[in-house]
Amino acid sequence: MSGQPRSDPVARPEIEALRPWYHDFSRLGLSTAFGRRRAGPREVTRRLLGWLAALPARRRLGLAPARLDLGLPAHTANQRAKEAVLLPMLADGLSRVGEPKRALELFCADGYYAAWIARSAPRARVVGVDRAKEQAARAAAARRALQLRKTSFVVADVNAFVESAPVRFDLVFCAGGLYHLDDPHRLLAALRRICHGSLILQSAVTLATDDPRYFVRPAPGWRHGCRFTHACLASWLEALGWEILDHRLGELPANRRLSDRGSSYYLARVGRRKSGGSRQPPGQGGGS
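Residues numbered from 1 in each chain as written. Predicted model: local features only at pLDDT ≥ 70, side-chain atom pairs only at ≥ 80, totals over all residues. Heavy atoms only, no water.

Undergrad: Give a detailed account of the overall build of the protein chain, specifying residues and quantitative values.
TA: When helices and strands are counted, the protein chain shows 10 helices and 9 strands. The buried share of the protein chain, reckoned over its 288 residues, is 51%. Considering only residue pairs separated by 6 or more positions, the protein chain has 72% of its internal contacts joining residues 24 or more positions apart. Counting only carbon and sulfur atoms, one obtains 51% of the accessible surface of the protein chain, whose full area is about 13,400 Å². (Helix = DSSP H or I, 4+ residues; strand = E, 2+ residues; numbered from the N terminus. Buried < 20%, exposed > 50% of the residue type's maximum accessible area, 1.4 Å probe, protein only. Contact = heavy atoms within 4.5 Å. Areas by Shrake-Rupley, 256 points an atom, 1.4 Å probe, with all protein chains shown as cover.)

Undergrad: Can you explain the environment of Ala132? Please cite residues and give values.
TA: Along the polypeptide, Ala132 turns up in the loop between strand 2 (125–130) and helix 6 (133–146). Taking the relative accessible area as the measure of exposure, Ala132 reaches 17% and is therefore buried. Distance in space between the C-alpha atoms of Ala132 and Ala156 is 8.0 Å, their sequence separation being 24 residues.

Undergrad: Explain the sheet that holds strand 3 (residues 151–155) to me, and be specific about the residues and the numbers.
TA: Backbone hydrogen bonds hold the strands of a sheet together, and the pairing may be parallel or antiparallel. Strand order across the open sheet formed by 7 strands is 3-2-1-4-5-9-8, with mixed pairing between neighbours. Strands at the two margins of the open sheet, each flanked by one partner only, are strand 3 and strand 8 (242–251). For this sheet, the mean angle separating the axes of adjacent strands, direction not counted, is 15°. Relative to strand 4 (residues 169–175), strand 1 (residues 102–106) runs parallel, the two being bridged by 4 bridges. Counted as the bridge partner of Ala103 is Leu171 from strand 4. Against the sheet, helix 4 (residues 74–97) makes contact with strand 4, strand 5 (195–205), strand 8 and strand 9 (262–270), and its axis sits at roughly 5° relative to strand 9, the strand it touches most. Sheet strands in contact with helix 9 (residues 230–240) are strand 5, strand 8 and strand 9, and its direction is about 170° off that of strand 8. (Pairing = 2+ DSSP bridges. Axes fitted to C-alpha atoms, helices over the stretch in contact; angles between N-to-C directions.)

Undergrad: Describe the layout of surface pockets, listing the residues and the values that go with them.
TA: Taken as a whole, the largest pocket spans an internal volume of roughly 800 Å³. Taken together, 34 residues make up the lining of the largest pocket; nearest its centre are Tyr22, Phe107, Gly176, Tyr179 and His180. Mapped onto the lining of the largest pocket, the elements with two or more residues apiece are helix 4 and strand 5. (1 Å grid on protein atoms, 1.4 Å probe; cavity = no way out; pocket = protein on both sides within 12 Å on 5 of 7 lines; lining within 4 Å. Points joined across faces, edges and corners; volume = space filled by probe spheres on them.)

Here's what the structure looks like:
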């Protein structure tokens, strides 16, 4: 990837004033890690128990042994696990579209991956979308500090933005948001209209089952969102006409419950829609 990260992150007062930050921008040359605590004994025990509980599922699903970062805060451990997969997948997705003119990050939070895209494709206009105003403020501050002049951030509902977007994008990046939606299938269907290059997805998924029909809402133990399997996400993509180019199933190491622990990654592009593909999620109404 172009725009190689710097080893000497710079601290800025306006950035520190917006703490806490969702991502660590230090690899992009900007210090956003302020006073992060180490995991305490209770957190270490909880994480170890979760790792042990996931062993049978890991063997069943053919997953490699997960690295267990006992000393890191839970959020930091999960973000590091995601980043290890997403950054190489992002580089692959960018290489497949050549020199992108437009790129979109959905559920952008503080704009970390939008910044990576902007650094890697400096000629592209990059748009980040998130409904949280406080995250948009962080993203805008990072954009100014990193001098990403062709990058902008929009406060909006992602479904509304995608369904009304007047332009198409060469690259769409969507990490950490699908499982918050009541109907992720709706977003995947709408993205076909505006994405004519690479689509990169990441979502929390359950490891309690690998049933491709499994889809429940709200997510187990939560009052919002949904939960599905890695295989279910593949079935939605294929039925909607996305061609899957690469996929991975990993873990969010700090999450103890199997229903929250899986992390699904897909790189896809628009292909041919399968006959009989329905608007409703294929696993709608399924359960464990």
